[in-house]
Amino acid sequence: QVQLAESGGGLVQPGGSLRLSCEASGSKFSIYGMGWYRQAPGKQRELVAGITRGGITNYADSVKGRFTISRDNAENTVYLQMNSLKPEDTAVYYCKATIVTMTVSEYWGQGTQVTVSS
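**Q** I tried to follow the confidence of the model for the protein chain on my own but got confused; where do I start?
**A** In low-pLDDT segments, the atomic positions of the prediction should not be examined closely. Of all residues in the protein chain, 100% have pLDDT values of 70 or greater, and the mean over the chain is 95. When pLDDT is averaged over each helix and strand of the protein chain, the minimum, 93, is found for strand β10 (residues 104-108) and the maximum, 98, for strand β11 (residues 112-116).

**Q** Looking at this structure, I do not really get the pattern of salt bridges. What am I missing?
**A** Where charged atoms from two side chains of opposite charge come close, those side chains can pair. Enumeration according to the criterion identifies five salt bridges in this entry. As a salt-bridge pair, K64 and D61 come within 3.1 Å of each other at their nearest N and O atoms. On the accessibility criterion, D61 (65% relative accessible area) is exposed. Between D89 and R66 there is a salt bridge, with its nearest N and O atoms 2.8 Å apart. Taken together, the positions of D89 in the loop between β8 (77-82) and β9 (91-100) and R66 in the loop between β6 (57-59) and β7 (67-72) put the pair 23 residues apart, joining distant regions of the chain. Each member of the pair, D89 together with R66, is buried. Among the ionic contacts, a cluster of salt bridges with common partners joins R38, E46, R66 and D89.

**Q** So what exactly am I meant to see when it comes to a nonpolar patch on the surface here?
**A** A cluster of nonpolar residues, Y32, V100 and V104, forms a patch on the protein surface that exposes about 300 Å² of accessible area. Position of V104 among the secondary structure elements: in strand β10.

**Q** Just to check I follow, could you spell out the environment of T115 for this structure?
**A** The residue T115 is located in strand β11 in this model. Of the residues examined, T115 reaches a relative accessible area of 25% and is grouped as partly exposed. Residues T115 and P87 lie 28 residues apart in sequence; the distance between their C-alpha atoms is 7.3 Å. Filtering out sequence-adjacent residues up to four positions away, T115 remains in contact with G10, L11, V12 and T90. A polar contact of 3.3 Å, which involves the side chain of T115, links it to the side chain of Q113.

**Q** Teacher, can you tell me more about the nonpolar core here?
**A** Counting 29 residues, the largest nonpolar core has W36, V48, F67, V78, L80, M82 and Y93 as its most contacted members. Contributions of two or more residues to this core are made by β3 (18-25), β4 (33-39), β5 (46-52), β7, β8, β9 and β11. Ranked by the residues each element gives to this core, the list is headed by β9, at five residues. When sequence neighbours within four positions are dropped, the list of residues in contact with V78 reads L20, S21, C22, M34, W36, I51, I69, S70, R71 and C95.

Conventions used here
The residue numbers shown here count from 1 along each chain, following its written sequence. This being a predicted model, a pLDDT of at least 70 is required before a residue's local features are given, and a value of 80 or more before pairs of side-chain atoms are given or counted; all residues contribute to the totals for chains, interfaces and linings. Heavy atoms from the whole structure form the basis of all side-chain values; hydrogens and water molecules are not counted. Confidence scores here are pLDDT values: one per residue, from the predictor, ranging 0 to 100. Every helix listed is a DSSP run of H or I at least four residues long, and every strand listed is a run of E at least two residues long, numbered separately from the N terminus. The working definition used for a salt bridge is a side-chain nitrogen of Lys or Arg within 4 Å of a carboxyl oxygen of Asp or Glu. For every residue, the accessible area obtained with a 1.4 Å probe (protein chains only) is divided by the maximum for its type, and the residue is called buried under 20%, exposed over 50%, and partly exposed between those limits. Nonpolar side chains (Val, Leu, Ile, Met, Phe, Trp, Tyr) are joined into patches within 5 Å and like charges within 9 Å, using only residues with over 30% relative accessible area and no salt bridge. In short, Shrake-Rupley with a 1.4 Å probe defines the accessible areas, and a residue's cover is counted only from the protein chains shown. By the convention used here, residues are in contact when the closest approach between their heavy atoms is within 4.5 Å. Residues adjacent in sequence count toward polar contacts only when both atoms are side-chain atoms; beyond that, a polar contact is any pair of N or O atoms within 3.5 Å, and within protein one must be able to donate a hydrogen and the other to accept it. To qualify as a nonpolar core, a set must consist of buried Ala, Val, Leu, Ile, Met, Phe, Trp, Tyr and Cys residues joined through side-chain atoms within 4.5 Å.

Next up, the structure:
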């Protein structure tokens, strides 16, 4: 069973930075895609950024130029560097891992709270 352990959330002032980490363990297969999603109160969960094993990235328009996703394949770890944070970035951030074998399997972390407030 694949498990994802997130860390790095917290309270930060507008304009500040945070770095989220997510380590995957327990997978017998290579992890194809890893990504970060977020869910604010009363809103649907949305993609923030994703990265493939080969390093191809994609970002939500709202975070382009401020957030950077990166990945350490050897450690099965994905990072999200968040700069110039805004109050509207406040949400629970979830890590997701996608494994492709005969089927596509998706695994989620428990989530980490990010609060941007003065």
